[in-house]
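# Fold and contact review
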Amino acid sequence: MYLTRRKPALYLREDSRSGLFLGILPRKCSIFKLFLTCLLLGFLSMLWLQLSCTGDVRKQGDVPPKQSCPPVPRTVNEDPSWGPHRLALIIPFRERFEELLSFVPHMHQYLSDKKIRHHIFVVNQVDHYRFNRASLINVGFLESGNDTDYIAMHDVDLLPLNPSLDYGFPEKGPFHVASPDLHPLYHYKTYVGGILLLTKQHYELCNGMSNRFWGWGREDDEFYRRIKGAGLQLHRPTGISTGYQTFHHIHDPAWRKRDQKRIAAQKQEQFRVDHEGGLHSVQYRVESRTEMTITGAPCTVLNVLLECDLNETPWCAFT
């Protein structure tokens, strides 16, 4: 015959004249219940600090809390008196959200200070193909609407610092804001990447950009040939004395490496001019369109699925 000894329960004793924690807890409390009570009190204290920072629990006449709440960003609304033209800022984008958080507020403030009417379009590639900057710019152009009459093909990692840079309507021809003598990285004379302004009429005249460039690079070099083939004169800034300090380049190549692979015939294709494809041959579907603000700066995010013909450009797929 076996005798089973019952283990004694663990209790915390208290003074008979007053309950533990001023009578909040019962006279006998297990370790587990005490732990839960402490956890609840900790949560309530954190909630109190959060609400006191936002001012939700402050009564009228109370002394303001010592916590320093983040300032509300200044919201700038465009004024029709700024001029008749409106810029569509087209940002080809994929998985670079930390750069986007810096870019949208900076550009909205920068262009508003210059009294440039504008709308920021973030064209986000969400398919499973390699990144195609040129096709995303074509999509941004087609989706930018009729209330904008010129575009900026703008990299998300390039922030203008000099207020003297011209973002106005490029009536005389394409205007390369990030010219080779100002861009912090690319200095060859035929470079037209980074930031390029065009009227919508001139972009149509070039038939947009080629859709055959999957991966990083060369699509802007091909577009330079399209500009020349359309008989347009390329213009660049003058009188800018800040040199390579004109822009802040926020891309970190050690943290985010570029997709520079050249697969199969892509090595030869990257130097060929695409005489057939362009603006109106881009195949895509807009999965969603979201109006949002980033620290007070408005933008439109287009989630885009590009399509690829594997027979025409087999290098669009990851290997």
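Structure: see above.
One structure accompanies this document, and this report is about it. (Residues numbered from 1 in each chain as written. Predicted model: local features only at pLDDT ≥ 70, side-chain atom pairs only at ≥ 80, totals over all residues. Heavy atoms only, no water.)

### Regarding the overall build of the protein chain
The helix and strand inventory of the protein chain stands at six helices and nine strands. The burial tally for the protein chain puts 42% of its 319 residues in the buried class. Pairs at least 24 residues apart make up 75% of the contacts formed inside the protein chain by residues separated by at least 6 positions. If you sum the accessible surface of the protein chain, you get close to 19300 Å²; carbon and sulfur atoms cover 56% of it. (Helix = DSSP H or I, 4+ residues; strand = E, 2+ residues; numbered from the N terminus. Buried < 20%, exposed > 50% of the residue type's maximum accessible area, 1.4 Å probe, protein only. Contact = heavy atoms within 4.5 Å. Areas by Shrake-Rupley, 256 points an atom, 1.4 Å probe, with all protein chains shown as cover.)

### A closer look at the layout of surface pockets
Roughly 360 Å³ of volume is contained in the second largest pocket. Lining the second largest pocket are 17 residues, and of these Asn 211, Arg 212, Ser 281, Glu 312 and Thr 313 sit closest to its centre. A breakdown of the residues in the lining of the second largest pocket according to their chemical character gives four nonpolar, six polar and seven charged. (1 Å grid on protein atoms, 1.4 Å probe; cavity = no way out; pocket = protein on both sides within 12 Å on 5 of 7 lines; lining within 4 Å. Points joined across faces, edges and corners; volume = space filled by probe spheres on them. Nonpolar A, V, L, I, M, F, W, Y, C, P; charged D, E, K, R; others polar.)

### Focus: the state of the cysteines
For the structure shown, the criterion picks out one disulfide. Each disulfide pairs two cysteine sulfurs, and for Cys 308 the partner residue is Cys 316, the sulfurs being separated by 1.9 Å. Every disulfide takes its handedness from the sign of the S-S torsion; for Cys 308 and Cys 316 that torsion is -95°, giving left-handed. (Disulfide = S-S within 2.5 Å.)

### A few points about the nonpolar core
Ranked by internal contacts, the top residues of the largest apolar core, which has 32 residues, are Leu 87, Leu 89 and Tyr 167. Of all the secondary-structure elements, those providing two or more residues to this core are β1 (87-93), α2 (97-113), β2 (118-125), β3 (150-154), β4 (158-160), β6 (195-199) and β9 (297-306). The element best represented in this core is α2, accounting for six residues. Non-local contacts of Leu 87, meaning those with residues more than four positions away in its chain, are made with Leu 111, Ile 116, Arg 117, His 118, His 119, Thr 148, Tyr 150, Ile 151, Ala 152, Tyr 167 and Leu 197. (Core = buried A, V, L, I, M, F, W, Y, C linked by side-chain atoms within 4.5 Å.)

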